[in-house]
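One-letter residues, chain by chain:
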Amino acid sequence: MSLAAVDIPASDAGILPDRDYAIRADVSKIFYGDFLAVRDSRIGVEKGKITGFIGPSGCGKSTVLRSLNRMNDLIPIFRLEGTVDFMGQDIYAKGVDPVAVRRYIGMVFQQPNPFSMSIYENVAFGLRLNRFKGDMDERVQSALEKAGLWKEVKDKLKQSGLALSGGQQQRLCIARAIATQPSVLLMDEPCSALDPIATRIVEELMLELKQDFSVAIVTHNMQQAVRVADTTAFFSVDISQGGRTGFLVEVGPTKQLFDEPREKLTRDYVSGQFS
Amino acid sequence: MRSSDKGADKAGVITRPPSAGELLANRVFRGAAYGVGAATLLLLAFIIVVIGGEALPAMVREGFGFLGRAVWSPGRGEFGIAAEIWGTLYSSILALIIAGVFGVAIAIFLTQDFLPGKVAVVFRTIIEMLAAIPSVVYGLWGIFVVIPAIRPTANWLHDSFGWFPPFSTSMGGPGLAPAVIVLAIMVLPTVAAISQDALRLIPYKVKEAAYGMGTTRWEAIVKVMLPTASGGIFASLVLGFGRALGETMALAMIIGNANQISWSLFAPANTLAALLASTFPEAGDIERGALMYAAVVLLALTLVVNMLGVLVMQFTSRQTVN
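Residues numbered from 1 in each chain as written. Chains lettered and ligands numbered in written order. Predicted model: local features only at pLDDT ≥ 70, side-chain atom pairs only at ≥ 80, totals over all residues. Heavy atoms only, no water.

Participant: Can you break down the packing of helix α5 (residues 135-161) of chain B against helix α6 (residues 176-200) of chain B residue by residue, with the values?
Facilitator: All names here are of chain B. Contact geometry for α5 and α6: axes closest at 9 Å, N-to-C directions at 130°. With respect to α6, the axis of α5 lies oblique. α5 and α6 meet at a crossing whose hand is right-handed. In contact with Ser135, Tyr138, Trp141, Gly142, Val146, Ile147 and Ile150 of α5, α6 contributes Ala177, Pro178, Ile181, Val182, Ile185 and Met186. (Axes fitted to C-alpha atoms, helices over the stretch in contact; angles between N-to-C directions. Helix = DSSP H or I, 4+ residues; strand = E, 2+ residues; numbered from the N terminus. Parallel < 35°, antiparallel > 145°, perpendicular 65-115°, else oblique. Left-handed = near helix turned anticlockwise from the far one by under 90°. Contact = heavy atoms within 4.5 Å.)

Participant: Before we move on, could you go through helix α11 (residues 272-279) of chain B and cite the residues and values that matter?
Facilitator: Across the eight residues that make up α11 of chain B, a large majority, six, are buried. Those residues of α11 of chain B that sit buried are Leu272, Ala273, Ala274, Leu275, Leu276 and Thr279 of chain B. (Buried < 20%, exposed > 50% of the residue type's maximum accessible area, 1.4 Å probe, protein only.)

Participant: Any chance you could break down the interface of chain B and chain A for me, citing the residues and the numbers?
Facilitator: On the chain A side, the residues contacting the 18 residues of chain B number 19 residues. Of the roughly 1,800 Å² buried between chain B and chain A, counting both surfaces, carbon and sulfur atoms make up 62%. Contact with chain A buries area across many residues of chain B, yet Lys205, Glu208 and Met213 of chain B alone supply 32% of it, more than any other trio. Applying the counting criterion to the chain B and chain A interface returns two salt bridges. (Buried area = accessible area lost by both parts, 1.4 Å probe. Salt bridge = Lys/Arg side-chain N within 4 Å of Asp/Glu carboxyl O.)

Participant: Please provide a residue-by-residue account of unusual backbone geometry, values included.
Facilitator: Positioned with a positive phi, Asp40 of chain A is a non-glycine residue whose angle comes to about 45°. The residue Asp40 of chain A is located in strand β2 (residues 35-46) in this model. With a phi angle near 50°, Asn257 of chain B is a residue other than glycine that sits in the positive phi range. The topology assignment puts Asn257 of chain B in the loop between α10 (249-254) and α11. For Asn257 of chain B, a relative accessible area of 35% corresponds to the partly exposed category.

Participant: How would you summarise a nonpolar patch on the surface if you had to cite specific residues and measurements?
Facilitator: Residues and elements named next belong to chain B. Side chains of Ile133, Val136, Val137, Leu140, Trp141, Ile143, Phe144, Val145 and Met249 sit close together on the surface and give an oily, nonpolar patch of about 740 Å² of accessible area. If one sorts the elements of the nonpolar patch by residue count, α5 sits on top with seven residues. If you trace the backbone, Val137 turns up in helix α5. Among the residues examined, Val137 registers a relative accessible area of 40% and is labelled partly exposed. (Patch = residues over 30% accessible without salt bridge, like charges linked within 9 Å, V, L, I, M, F, W, Y side chains within 5 Å. Areas by Shrake-Rupley, 256 points an atom, 1.4 Å probe, with all protein chains shown as cover.)

Participant: Tell me about the nonpolar core, and name the residues and values.
Facilitator: Residues and elements named next belong to chain A. Counting 37 residues, the largest nonpolar core has Val123, Val140, Leu144, Ile174, Leu185, Met187 and Met206 as the members making the most contacts within it. Elements that contribute at least two residues to this core include exactly α3 (119-129), α4 (136-146), α5 (150-153), α6 (166-178), β7 (184-188), α7 (196-209) and β8 (214-218). Beyond its immediate sequence surroundings of up to four residues, Leu144 is in contact with Ile119, Val123, Leu149, Trp150, Val153, Leu157, Leu172 and Ala175. (Core = buried A, V, L, I, M, F, W, Y, C linked by side-chain atoms within 4.5 Å.)

Participant: I'd love a proper account of the UniProt feature "domain: ABC transporter" (unreviewed entry) in chain A, names of residues and values included.
Facilitator: Here, UniProt's "domain: ABC transporter" (unreviewed entry) annotation points to residues 22-270 of chain A. For residues 22-270 of chain A, the helix share is 35%, the strand share is 28%, and the end-to-end C-alpha distance is 27 Å. (UniProt positions renumbered as here; feature names shortened; annotations may be inferred.)

The structure is reproduced here in structure tokens:
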């Protein structure tokens, strides 16, 4: 049907020459075993901006996001063809240790996943991991402040992180991720397990975080992309080859992508024609 | 009444309340379940009452001094189980240390993606089969394999480091060391199985969080997985300890049944369970009373340890499930 006839967008669509990128990904193919999960997606994460990834389920937006800090390497049958450039280095080049990559590029997940330890130790985890020698208390406090959680937890830092509410747990995970000051923060549907109020708090938080971090966020909620993302990337699914292969359709300033999309696929999606 | 088949007004066409028979079956089943549950409790109470009753005269006669004396002399009518309490705790703690180290290591090895899934299942089954070997077979193995195998090393240790209390005697035959080795192997499946469950219970998202922070596999295991599973691992150690305390036949065969308190690993010793097994068949009335007293002590020890293990397990599983 219509999906089969899609033209692959021009290869430069995802990365514009006049922008400053923290990460430039040129993914030609991502496989899980024999299954082609994603193809032909060039996408950048702009410095000090929020880049939103949207698209129907199965379009590979999470897969692409998780390829940006090599989280997908946890899956043994994962394979990527292409390059992901971070600070002038291809993180998929031979000899690059995925562990090191993940220390520079932080991640927040769909489900809040604090460790079964105190609130303080959760935030200090990455600092200890990186053998941070400075003032631990001060770093923990500033990370919790940036995550908007300090006022709520400052009197119970020794309590288990699991005793917090879902929204607080997610902000704790954000504090844990930013305590080590990674340059890029990847967020994989960070609000999908949260109620609307907690979602709003985390969204406001993201807008503050972009002053210090380059953020990429996957969301299944188009309104969320409109509210937080400076740039939005739309992915779709190609079922023409019998499989379900995701690919990047279009990237643009969020307002333009939603108001005057260049591609018909994008227009159909953002106007609610299909999901 | 065809019209009532469609529309909102079709109550009673297919749905109906449960019949009297179904309600009766439900009631009978519930009663039977309560009955069986109560019978188990009654049985436990019955055992405690019978043993306690048989032990009562000895408890009155011997008092608490029974726990502090290291004699067992039916001829003179003097009884005390200090040596057996010592031997029980000493052998169980040492066995637990060995089984704990190996059991937790095996649990990590089998749950943290070191092996392909099928190999891990085979490995796990083999370790669980250790629990199916009868105690008396372990005893025979201890006598004919373990004792001869460790005697040269034991005697070398005694000759070279005899000043160190655990090596302070030479090894003639049965004794604490072979008992500890056999006991450790017998306890290993308990520790390994429950530790594996604890590690496997950790949700994938926790592992993801650890790797997402940039941990190496070693750091993920030591800094995240083990602390997260610590409650279950602790419970596995407590339950393993309970098993070690009560283990009877193999120990009666290889510990040497000697009524003495010694730090030496190579000296013969005795445990409460081994004392009961080896002394009961030829005991007279007064000695039987004393043995019953010893049985009460053993029962109390194992019950307390097991209950502690179950409590810890419940408490921590409630925490990690959240």
